[in-house]
Amino acid sequence: MMNSAKLSNLTQAQLESLAVQARSYSQGGRLPDYIPLLAQVNPEWFAVEINCTDGQSFRFGETEIPFVLMSVIKPFVLLCLLEEMGKEGVFSHVGMQPSDQAFFSIEQLEADKGWPRNPMINSGAIALASLLPGDNGFSRCENLRQWLNQRAGANLMLDKAMLNSVVAAGGERNRAIAKVMFESGFLNAPEIAIDTYNHICCLAVNVSDLAKLGMLLAQEKAGISIENRRIVNALMLTCGLYEASASFAVKVGLPTKSGVSGALLSIVPSAGAIACYSPALDHVGNSKAGIFFLEKFTNSLNLSLFI
Ligand SMILES: NC(=O)CC[C@H](N)C(=O)O
């Protein structure tokens, strides 16, 4: 059976049973402490929405709760820039190699002599944020927000309170990353790059919007090339969960991206998109219940790119 048929045969009862197991698995996860507002949520929230290419959708849990995308914006910055400037332009600013280090690793960046290794870690995303059109962080974020909302039919909104919390927290690690890239000649104007990056990480959605964004990568869409979708999906598969990407590819085998807010998005090419939100994180910074859910869900439906 094709993945699209497997996903379409899903029943609401099946989804609920797996989601309830996943919710209980959120216990023992941790909320991030370096962005104060991110820690002011209920760690047991769990929401999932699945959109299928045949038009069906399934949802369960706290599906109305808004959350910020954080690193889940990274594949969409990449998609937008691939469309707007082409792959040669994009990959002259960022690499495509996986990393076995944390998403904020300065050691990895220094070992790479300031060259941002891939778009799914902070260095690469900051480098790409610097390429968005606009005069300042807000207008660049606004351009990306509108670009995505138009194409996905979603309703991304800037969460200003979260942005204030991110800025107040100082962002030392990301500033250090930008400084290394600037000094190595791989980033112009580090201040505006960080400001843009902070803004785009604070774009807020609910799981329904996140699933709509995912559909941009799951199926054909006017104005988005097949090649660019393939590139973004490939980089999500190899780099999307940071140092956990390789083992997750063995266990699940779907292009997936996580964020420290607990957002998690998986693409089932030509079949649909699976959006989860559950804020308690594992030691890598991925949603604990979300990852558990994806493993159980894909195994019970036998969903995979590889079979
Ligand atoms: N993994 C993430 O979601 C990281 C995003 C966050 N804004 C940071 O830079 O730390």
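Because the structure is a prediction, the values reported are computed rather than measured.

1. So, the state of the cysteines
Working step 1: Here the structure, examined in full by the defined rule, presents zero disulfides.
Working step 2: Sulfur of Cys52: no disulfide; nearest cysteine sulfur belongs to Cys276 and is 14 Å away.
Working step 3: Note on Cys52: relative accessible area 5%, which makes it buried.
Working step 4: Its sulfur unpaired, Cys202 is 6.6 Å from the next cysteine sulfur, which belongs to Cys201.

2. Re the packing of aromatic side chains
Working step 1: This structure, assessed with the given rule, holds eight aromatic pairs.
Working step 2: On the numbers, 4.3 Å between centres and 5° between planes, the contact of Phe67 with Tyr277 is stacked. Here Tyr277 lies in strand β8 (residues 272–277) and Phe67 lies in strand β3 (residues 67–68), a separation of 210 residues in the sequence.
Working step 3: By relative accessible area, Tyr277 is classed as buried at 3%.
Working step 4: With centroids separated by 4.9 Å and ring planes inclined at 85°, the aromatic side chains of Phe103 and Phe104 adopt a geometry described as edge-to-face.
Working step 5: What makes Phe103 buried here is its relative accessible area of 6%.
Working step 6: The rings of Trp45, Phe67 and Tyr277 are connected pair by pair, giving a single aromatic cluster.
Working step 7: The ring of Phe104 carries Arg173 above its face, with NZ or CZ at 3.7 Å from the centroid.
Working step 8: Between Lys288 and the ring centre of Tyr25, over which it is positioned, the NZ or CZ distance is 3.9 Å.

3. Remarks on the packing of helix α3 (residues 74–90) against helix α5 (residues 122–129)
Working step 1: Orientation of α3 relative to α5, taken along the N-to-C sense of each, is 60°, at an axis distance of 10 Å. Both α3 and α5 take part in a crossing whose hand is left-handed. Taken together, the residues of α5 that come into contact with α3 (itself represented by Lys74, Val77, Leu78, Leu81 and Val90) are Asn122, Ala125 and Leu128.
Working step 2: Residues belonging to the contact of α3 with α5 are distributed by class as follows: six nonpolar, one polar and one charged.

4. Thoughts on the environment of Glu243
Working step 1: Its location among the elements puts Glu243 in the loop between α11 (226–239) and α12 (245–251).
Working step 2: Here Glu243 falls in the partly exposed class, since its relative accessible area comes to 32%.
Working step 3: Residues Glu243 and Gln101, 142 residues apart in the sequence, show an inter-C-alpha distance of 5.7 Å.
Working step 4: Apart from residues no more than four positions distant in its own chain, Glu243 is found in contact with Ser99, Asp100, Gln101, Ala102 and Val284.

5. Examining the UniProt feature "binding site: substrate" (unreviewed entry) in the protein chain
Working step 1: In the numbering used here, UniProt assigns the "binding site: substrate" (unreviewed entry) feature to Ser71, Asn122, Asn174, Tyr197, Tyr242 and Val260. Lining the largest cavity, from this annotated set, are Asn122.
Working step 2: Ignoring sequence-local partners within four residues, the contact set of Asn122 consists of Ser71, Lys74, Phe103, Phe104, Asn174, Ile177 and Tyr197.
Working step 3: Secondary-structure assignment places Tyr242 in the loop between α11 and α12.
Working step 4: When its relative accessible area of 3% is taken as the criterion, Tyr242 is described as buried.
Working step 5: If near-sequence neighbours (up to four positions away) are discounted, Tyr242 is found in contact with Ser71, Lys74, Ser99, Gln101, Phe103, Met120, Ile121, Lys257, Ser258, Val284 and Asn286.

6. Thoughts on the sheet that holds strand β5 (residues 203–205)
Working step 1: What the three strands build is an open sheet, ordered β3-β5-β4; its pairing is antiparallel. Every other strand in the sheet has two partners, leaving β3 and β4 (157–158) as the edge strands with one partner each.
Working step 2: The pairing of β4 with β5 spans two bridges and is antiparallel. Looking at β5, one finds that Met157 is bridged to Ala204.

7. Overview of the side chain of Arg140
Working step 1: Mapped onto the elements, Arg140 comes out in helix α6 (residues 137–152).
Working step 2: For the buried Arg140, no salt bridge exists, and the shortest N-O distance to an oppositely charged side chain is 7.0 Å, to Asp135.
Working step 3: One polar contact links the side chain of Arg140 to the main-chain carbonyl oxygen of Ser130, over a distance of 3.4 Å.
Working step 4: Those residues in contact with Arg140 that lie beyond four places of it in its chain are Ala129, Ser130, Leu132, Pro133, Gly134, Ile192 and Thr196.

8. Re α3
Working step 1: Look at α3: only 13 Å from first C-alpha to last across 17 residues, short of the 24 Å you get at 1.5 Å a residue.
Working step 2: In the structure, α3 departs most strongly from a straight axis at Glu84, where the bend amounts to approximately 95°.
Working step 3: Here α3 has its buried residues at Lys74, Pro75, Phe76, Val77, Leu78, Leu79, Cys80, Leu81, Leu82, Gly89 and Val90.

9. What to know about the nonpolar core
Working step 1: Within the largest apolar cluster, 109 residues are counted, with the highest numbers of intra-cluster contacts made by Val48, Ile50, Met70, Leu210, Ile274, Phe293 and Phe297.
Working step 2: Setting aside residues no more than four positions away along its own chain, Met70 makes contact with Ile35, Leu38, Met162, Val166, Cys201, Cys202, Gly259, Val260 and Ser261.

10. Describing the pairing of strand β2 (residues 57–61)
For a regular strand, the rule is simple: side chains alternate between the two faces of the sheet.
Working step 1: Relative to β2, strand β1 (residues 47–52) is paired through five bridges, and the arrangement is antiparallel. Across the sheet, the residue bridging to Asn51 is Ser57, located in β2.
Working step 2: Counting the residues in the hairpin turn of β1 and β2 gives four residues, including Gly55, whose phi is positive at 100°.

Calculation notes
- Residues numbered from 1 in each chain as written.
- Predicted model: local features only at pLDDT ≥ 70, side-chain atom pairs only at ≥ 80, totals over all residues.
- Heavy atoms only, no water.
- Disulfide = S-S within 2.5 Å.
- Buried < 20%, exposed > 50% of the residue type's maximum accessible area, 1.4 Å probe, protein only.
- Phe/Tyr/Trp six-rings, centres within 6.5 Å; stacked < 30°, edge-to-face > 60°.
- Helix = DSSP H or I, 4+ residues; strand = E, 2+ residues; numbered from the N terminus.
- Lys NZ or Arg CZ within 6 Å of the ring centre and 35° of its normal.
- Axes fitted to C-alpha atoms, helices over the stretch in contact; angles between N-to-C directions.
- Left-handed = near helix turned anticlockwise from the far one by under 90°.
- Contact = heavy atoms within 4.5 Å.
- Nonpolar A, V, L, I, M, F, W, Y, C, P; charged D, E, K, R; others polar.
- UniProt positions renumbered as here; feature names shortened; annotations may be inferred.
- 1 Å grid on protein atoms, 1.4 Å probe; cavity = no way out; pocket = protein on both sides within 12 Å on 5 of 7 lines; lining within 4 Å.
- Pairing = 2+ DSSP bridges.
- Lys, Arg positive; Asp, Glu negative; His and termini not counted.
- Salt bridge = Lys/Arg side-chain N within 4 Å of Asp/Glu carboxyl O.
- Polar contact = N/O pair within 3.5 Å; in protein donor to acceptor, adjacent residues only side chain to side chain.
- Expected span 1.5 Å × (residues − 1).
- Bend = angle between axes of the 7 residues up to and from the residue.
- Core = buried A, V, L, I, M, F, W, Y, C linked by side-chain atoms within 4.5 Å.

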